[in-house]
Amino acid sequence: MQHDHDPSQCDHDHGPKHIYIYSPSSAVRDKPAFRRGIARLQALGHQVEVDPDALAVHTRFAGDDATRLAAIHRAAASGADVALISRGGYGLSRLLGGIRYKAVAKAVEKGTRFVGVSDFTAFQLALLAQTGATSWAGPSLGADFGVAGGEPDDIMEACFDDLLSGHGEGSGWRMHREKPHATTGKPAVPDVYVKDATLWGGNLSVIASLVGTPYLPDAKGGVLFLEDVHEHPYRIERMLTQLLHAGVLARQKAVVLGQFTSFKLAPHDKGYKLQSVVDWLRTQIKAPVLTNLPFGHVPTKVLLPVGAKVSLSVEDRDALIYWGHTH
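So, how was this worked out
- Residues numbered from 1 in each chain as written.
- Predicted model: local features only at pLDDT ≥ 70, side-chain atom pairs only at ≥ 80, totals over all residues.
- Heavy atoms only, no water.
- 1 Å grid on protein atoms, 1.4 Å probe; cavity = no way out; pocket = protein on both sides within 12 Å on 5 of 7 lines; lining within 4 Å.
- Points joined across faces, edges and corners; volume = space filled by probe spheres on them.
- Helix = DSSP H or I, 4+ residues; strand = E, 2+ residues; numbered from the N terminus.
- Nonpolar A, V, L, I, M, F, W, Y, C, P; charged D, E, K, R; others polar.
- Pairing = 2+ DSSP bridges.
- Axes fitted to C-alpha atoms, helices over the stretch in contact; angles between N-to-C directions.
- Contact = heavy atoms within 4.5 Å.
- Buried < 20%, exposed > 50% of the residue type's maximum accessible area, 1.4 Å probe, protein only.
- Core = buried A, V, L, I, M, F, W, Y, C linked by side-chain atoms within 4.5 Å.
- Phe/Tyr/Trp six-rings, centres within 6.5 Å; stacked < 30°, edge-to-face > 60°.
- Patch = residues over 30% accessible without salt bridge, like charges linked within 9 Å, V, L, I, M, F, W, Y side chains within 5 Å.
- Areas by Shrake-Rupley, 256 points an atom, 1.4 Å probe, with all protein chains shown as cover.
- Salt bridge = Lys/Arg side-chain N within 4 Å of Asp/Glu carboxyl O.
- Lys, Arg positive; Asp, Glu negative; His and termini not counted.
- Charge placed at Lys NZ, Arg CZ, Asp CG, Glu CD.
- Right-handed = clockwise from strand over helix to strand, strands pointing away.

Approximately 660 Å³ is the volume attributed to the largest pocket. As for the largest pocket, its lining consists of 31 residues, and the residues nearest its centre are Arg87, Gly88, Ser118, Ala143 and His297. Breaking the lining of the largest pocket down by element, the ones donating at least two residues are α1 (31-43), α5 (141-145), α7 (204-210) and β8 (222-229). Split into classes, the residues belonging to the lining of the largest pocket amount to 11 nonpolar, 13 polar and seven charged. Looking at the second largest pocket, it is lined by 20 residues, and the ones nearest its centre are His181, Pro187, Ala188, Asp279 and Arg282. Looking at which element gives the most residues to the lining of the second largest pocket, the answer is helix α9 (residues 274-284), with four residues. In the lining of the second largest pocket, the residues fall into 10 nonpolar, four polar and six charged.

Following this line, the structure appears as structure tokens:
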């Protein structure tokens, strides 16, 4: 839950930060957005260091696999306060066997926050599975800070500032209004309180692709958050079914659905929509399924500590994930 505070009344560090920009996935095609993002972070007072291969191109990737692995390791060695990806896309899954996870975890221990979204989920979950280290689901440089024709989303930027200052404590939101259960009359989402659970998740397509590999965390009793883009509801259901049959969903204390965007229903669907998937999922698992988390391929996104212990509370339609101070 974001809140205003007076920097003079707290001991948090609100000074400029060292932000390292690198490209571990797809090639940067929108160079104006890349430049706008850097300018925006600099205008906020931060020192921005750009990896020498941030704009490299090798087919669809930001350099070949060795180039992108080296960029990750330079980010880990940079001593930056934040290592921020230029963009998502695809490519990190190819690198998981070559990442020096202990070096990354050591960088995290020394204070570097690795931040990203989308394809970055592969890196985050592999890091968690291999070392237990925490990273942050959040913005990318181009899509979030480099927006054209206006300012970046104010909630996203406030959350990012909270991360930088060490003031982030949690994220609250209002879930969709849903009809009560047809037979019991009970609310679609009961009041919930979960304590001391591992928060993990990210992009659903990427998570499903990690099933059966050593890079998917075994998060028993976790809070799993999910988002995706350009995926029709039946494909979302198919990936959820994979997690269901793999036993992943049954081990969670809650499943939190973020934003699923940029898909188009077809005439063949005949009423089968995203809410149909949500309703079906609730018949398959005992854990509550929450909706409308402000996270995904959307401008308004909160920052979430992947791998951290959190508490989750739900009262009526109001939901809150909180983790206390992060320092």
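Picking up where we left off.
Taken in spatial order, the six strands make up an open sheet running β2-β1-β3-β4-β5-β11, and their pairing is mixed. Whereas interior strands pair on both sides, the edge strands pair on one side only; in this sheet they are β2 (47-50) and β11 (304-306). With strand direction ignored, the average angle separating the axes of adjacent strands in the sheet is 30 degrees. Of the strands in this sheet, β1 (18-22), β2 and β3 (82-85) are in contact with α1, which crosses β2 at around 150 degrees.

This next bit is on the side chain of serine 86. Along the chain, serine 86 falls in the loop between β3 and α3 (101-109). Its relative accessible area of 3% is what places serine 86 among the buried residues. Not counting the four nearest positions on each side in its chain, serine 86 is found in contact with Ile21, Tyr22, Ser23, Val28, Phe34, Ser140, Leu141 and Gly142.

Looking now at the nonpolar core. Ranked by size, the top nonpolar core spans 100 residues in total, and within it Tyr22 and Phe114 carry the most contacts. Sort the elements by how many residues they give to this core and helix α4 (residues 120-131) lands first, with seven residues.

Within a sheet, adjacent strands bond to each other through the backbone by hydrogen bonds, running parallel or antiparallel. The seven strands lie next to each other as β6-β13-β12-β7-β8-β9-β10, forming an open sheet whose pairing is mixed. In this open sheet, the two strands that pair with only one neighbour each are β6 (170-174) and β10 (289-290).

Our next topic: the packing of aromatic side chains. Applying the stated criterion across every chain yields a total of eight aromatic pairs. Taken together, a centroid distance of 4.9 Å and an interplanar angle of 20 degrees make the contact between phenylalanine 120 and phenylalanine 123 stacked. Of this pair, phenylalanine 120 and phenylalanine 123 are both found in helix α4, three residues apart, which corresponds to roughly one turn of the helix. Phenylalanine 123 gets classed as buried once you look at its relative accessible area, which sits at 1%. Feature note: the residues Phe114, Phe120 and Phe123 constitute an aromatic cluster, connected by ring pairs.

A cluster of basic residues, Arg29, Lys31, Arg35, Arg36 and Arg60, forms a positive patch on the protein surface. Within the secondary structure layout, lysine 31 lies in helix α1.

So, on to the pairing of β3. Neither face of β3 is open: one carries Val82 and Leu84, the other Ala83 and Ile85, and all of them are buried. Where β1 lies against β3, four bridges are found, and the strand directions are parallel. Of the residues in β3, the one forming a bridge with tyrosine 20 is alanine 83. Looking at chain direction, β3 and strand β4 (residues 113-116) are connected through three bridges and run parallel. Counted as the bridge partner of leucine 84 is valine 115 from β4. Regarding topology, α3 serves as the crossover connection from β3 to the parallel β4, and that connection is right-handed.

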